[in-house]
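# Remarks on the overall topology
Below are the chains, spelled out letter by letter.
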Amino acid sequence: MTLAAPAHTKIIAAGEQLKTPLWIMLMGFAPVIAALGPRALSFLPAIILVLGVSGFFLSTRKRPLLSVKPLIYMACVSVLCLISSLWSPYMPDALERGGKIALVLMGNGLLLAYILARPIERLRFFPSIFLASFIAALLLLASELYWEGPLTRAFLSLTGKPAEFKYSDLNRGIVAAVLCIPAALALAGFTITDSLKRRAVYGLIFALITTICLLTFSQSSHLALAVMGFFFFFFPYKREWAWLALAMTLSALMFATPFMVQFFFQALPPLIENVSWFQYSYALERLEIWDYVSRYAMQQPMTGYGVEATRYTVFDTAELYQPGNTVLHPHNFAVQIWMEFGVLGATLGSLFLLYLLDAMRTLPELPARVCLASLMGSLAVASTGYGIWQGWWLGTFILVAGYCLIVIKIYAARVTNSDSTAAL
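For clarity, every value in this text was computed on a predicted model and none was experimentally measured.

With that settled, consider the pattern of salt bridges. Here the structure, examined in full by the defined rule, presents 9 salt bridges. The shortest N-O distance in the salt bridge between Arg97 and Glu308 comes to 2.7 Å. Remark: Glu308 occurs in the loop between helix 14 (283-297) and helix 15 (333-361) and Arg97 occurs in helix 4 (residues 91-117); sequence separation between them is 211 residues. Between Arg369 and Glu365 there is a salt bridge; the shortest N-O distance is 2.6 Å. With Arg369 and Glu365 both in helix 16 (residues 365-382), this residue pair falls 4 residues apart, about one helical turn. Assessed through its relative accessible area of 5%, Arg369 is described here as buried. Judged by relative accessible area, Glu365 falls into the partly exposed class, the value being 23%.

The following block contains the structure:
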């Protein structure tokens with residue numbers, strides 16, 4: 001596997017007309033926005049969509065076409081969240097939360113439907129814009145970490161809040177930037193034709209990522225980098241057995257999670273409690289949360305307790321490591337799915353992952369590496385860090401998925417001259 005396109009491959013001719021619509025420019029600048037204000041990702045994909053649709057209508061006086069598949073999946077998740085209020089002990093709260101989740105999912109998810117339907121000609125300047133923005137985002141994050149947040153403290157002062165910098169303030173932005181790495185490496189590889197410039201971009205990216213990793217306390221980012229590195233560089237993409245083994249492993253883990261985490265809570269604390277990396281990552285606290293949420297979920301295993309049930313539940317816990325008997329979310333997507341939707345949710349979630357893996361398996365090797373590494377990195381973060389329904393986290397998923405689709409489309413037009421998005 002090589003990141004660079006062979007010299008004889010056809011690249012779009014320089015004399016052809018170039019179009020760079022505003023929505024693509026904003027899509028390219030999104031890494032900087034994520035670094036400076038990651039909470040904006042809650043609505044940024046929807047803003048990009050509105051700009052794209054408005055620009056298309058104003059220039060053509062026609063309604064843009066949208067791909068149906070992303071809308072179907074977003075609608076299915078939204079419906080599941082809403083109908084889960086029927087079996088939730090907290091029906092009014094579940095219905096309200098389900099409505100908000102559906103709004104975020106459908107509003108942001110429409111961007112994926114729009115990207116899939118856009119012709120490749122409108123994406124020609126995207127690699128340059130995105131790579132420049134991505135490197136700028138890494139520089140900003142590294143600078144903030146090294147100089148202890150001058151921009152963060154300045155912003156807090158403007159808003160009237162205490163100008164106290166905490167390294168954790170940057171964790172969301174770092175996670176969003178890290179998950180963009182596979183797309184950035186691939187775009188640099190097959191769009192920068194000069195080998196010296198290409199290697200310089202690789203070197204700068206790796207230097208900045210290394211700096212950020214050494215300075216940040218975001219263990220979710222460390223974990224995501226390790227997972228993405230393996231799947232991007234070492235996963236045997238051309239072997240059918242590897243895809244089958246990965247699919248079976250993910251499905252098994254989805255169903256085994258509530259039992260595994262209870263075992264881990266009993267077995268792991270004596271082994272890791274004195275290891276600093278695990279102390280900084282709040283591993284013992286996470287293990288206790290996973291344990292008591294899983295035990296509670298097993299009291300209603302078929303359907304769970306409805307969307308966002310964790311935040312309204314008082315749990316049975318000895319509070320050995322995590323103080324309090326309530327928590328906003330379990331900090332693990334599989335535990336949260338079991339808590340909210342039970343076996344039904346685990347089955348649907350497993351089927352969705354299997355569909356994604358099967359679609360990726362049919363892609364050319366480089367786009368497949370980008371998509372799988374991005375997916376596995378996202379799952380790594382979702383397994384240890386954030387609640388799956390947090391608005392900025394949903395927006396991050398949508399944005400990273402959008403970058404993967406753009407990589408597929410650009411690769412198809414510039415290297416393979418084929419339609420690689422047909423399976424998605």
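So that's the structure; there's more coming.
This part is about the packing of helix 10 (residues 219-233) against helix 16. Across the interface, helix 10 lies against helix 16 with an axial gap of 8 Å and an inter-helix angle of 155°. Taken together, the axes of helix 10 and helix 16 lie roughly antiparallel to each other. Along this stretch, helix 10 crosses helix 16, giving a crossing that reads as right-handed. Taking contact as the criterion, the partners of Ser220, Leu223, Ala224, Val227, Met228, Phe231, Phe232 and Phe233 in helix 10 are, on helix 16, Leu366, Arg369, Val370, Leu372, Ala373, Met376, Gly377, Ala380 and Val381. In terms of residue class, the contact of helix 10 with helix 16 is made up of 14 nonpolar, 2 polar and 1 charged.

Looking now at unusual backbone geometry. In this structure, Glu148 takes a positive phi of about 60° despite not being glycine. Its location among the elements puts Glu148 in the loop between helix 5 (126-146) and helix 6 (150-158).

A few words now on the packing of aromatic side chains. Geometrically, a pair of aromatic rings is defined through the distance of the ring centres and the angle of the planes. Here the structure, examined in full by the defined rule, presents 28 aromatic pairs. For the pair Phe126 and Tyr403, a centre-to-centre distance of 6.0 Å together with 40° between the ring planes defines the contact as tilted. With Phe126 in helix 5 and Tyr403 in helix 17 (residues 391-416), this pair connects stretches of sequence that are 277 residues apart. What makes Tyr403 buried here is its relative accessible area of 2%.

Time to look at the environment of Glu288. One can find Glu288 in helix 14. With residues up to four places along the chain from it excluded, the contact list for Glu288 reads Phe265, Thr317, Ala318, Glu319, Leu320, Tyr321 and Gln322. Within the local environment of Glu288, its side chain forms a polar contact with the side chain of Thr317, the two groups lying 3.2 Å apart. One polar contact links the side chain of Glu288 to the main-chain amide nitrogen of Glu319, over a distance of 3.1 Å.

The interhelical angle for the contact between helix 8 (residues 181-191) and helix 9 (residues 195-215), taken along N-to-C directions, is 165°, at an axis separation of 9 Å. It follows from the interaxial angle that helix 8 and helix 9 lie roughly antiparallel. Here the hand of the crossing between helix 8 and helix 9 comes out left-handed. Where helix 8 abuts helix 9, its residues Ile181, Ala184, Leu185, Ala188 and Gly189 lie against Arg198, Val201, Tyr202, Ile205, Phe206 and Ile209. Residues that form the contact of helix 8 with helix 9 fall into these classes: 9 nonpolar, 1 polar and 1 charged.

This part covers the environment of Cys371. Mapped onto the elements, Cys371 comes out in helix 16. Judged by relative accessible area, which is 7%, Cys371 ranks as buried. Between the C-alpha atom of Cys371 and that of Ser133, which follows or precedes it by 238 residues, the distance is 20 Å. Residue contacts for Cys371: discarding those within four places in its chain leaves Met360, Leu363, Cys404 and Ile408.

So, about the layout of surface pockets. In this structure, the second largest pocket occupies an estimated 1400 Å³ of space. Along its surface, the second largest pocket is lined by 42 residues, and Tyr73, Met74, Val77, Phe352 and Leu356 are the ones closest to its centre. Contributions of two or more residues to the lining of the second largest pocket are made by helix 3 (68-83), helix 4, helix 15, helix 16 and helix 17. It is helix 15 that provides the largest number of residues to the lining of the second largest pocket, a total of 13 residues. For the lining of the second largest pocket, a count of residues per class yields 37 nonpolar, 4 polar and 1 charged.

Turning next to the state of the cysteines. Applying the stated criterion across every chain yields a total of 0 disulfides. In this model Cys76 remains outside any disulfide bridge; the closest cysteine sulfur is found in Cys81, 11 Å from its own. Distance from the sulfur of Cys180, which forms no disulfide, to the nearest cysteine sulfur (Cys404) is 9.1 Å.

Together, Val79, Leu82, Ile83, Leu86, Met91 and Leu95 line one region of the surface with nonpolar side chains, adding up to about 530 Å² of accessible area. At the level of elements, helix 3 and helix 4 are the ones that each hand at least two residues to the nonpolar patch. Of the residues forming the nonpolar patch, the biggest block, 3 residues, is contributed by helix 3. Checked against the element boundaries, Leu95 lands in helix 4.

Turning our eyes to something else, we now look at helix 11 (residues 240-267). Along its 28 residues, helix 11 runs just 35 Å from first to last C-alpha, ending more than 12% under the 40 Å computed at 1.5 Å per residue. Of all the bends in helix 11, the greatest, near 65°, is centred on Ala256, and the proline Pro258 appears no more than four residues after it. Looking only at helix 11, the buried set comprises Ala242, Trp243, Leu246, Ala247, Leu250, Ser251, Met254, Thr257, Pro258, Val261 and Phe265. On its buried side, helix 11 packs onto helix 10, helix 12 (269-272), helix 14, helix 15 and helix 16.

Rules behind the numbers
Residues numbered from 1 in each chain as written. Predicted model: local features only at pLDDT ≥ 70, side-chain atom pairs only at ≥ 80, totals over all residues. Heavy atoms only, no water. Salt bridge = Lys/Arg side-chain N within 4 Å of Asp/Glu carboxyl O. Helix = DSSP H or I, 4+ residues; strand = E, 2+ residues; numbered from the N terminus. Buried < 20%, exposed > 50% of the residue type's maximum accessible area, 1.4 Å probe, protein only. Axes fitted to C-alpha atoms, helices over the stretch in contact; angles between N-to-C directions. Parallel < 35°, antiparallel > 145°, perpendicular 65-115°, else oblique. Left-handed = near helix turned anticlockwise from the far one by under 90°. Contact = heavy atoms within 4.5 Å. Nonpolar A, V, L, I, M, F, W, Y, C, P; charged D, E, K, R; others polar. Phe/Tyr/Trp six-rings, centres within 6.5 Å; stacked < 30°, edge-to-face > 60°. Polar contact = N/O pair within 3.5 Å; in protein donor to acceptor, adjacent residues only side chain to side chain. 1 Å grid on protein atoms, 1.4 Å probe; cavity = no way out; pocket = protein on both sides within 12 Å on 5 of 7 lines; lining within 4 Å. Points joined across faces, edges and corners; volume = space filled by probe spheres on them. Disulfide = S-S within 2.5 Å. Patch = residues over 30% accessible without salt bridge, like charges linked within 9 Å, V, L, I, M, F, W, Y side chains within 5 Å. Areas by Shrake-Rupley, 256 points an atom, 1.4 Å probe, with all protein chains shown as cover. Expected span 1.5 Å × (residues − 1). Bend = angle between axes of the 7 residues up to and from the residue.

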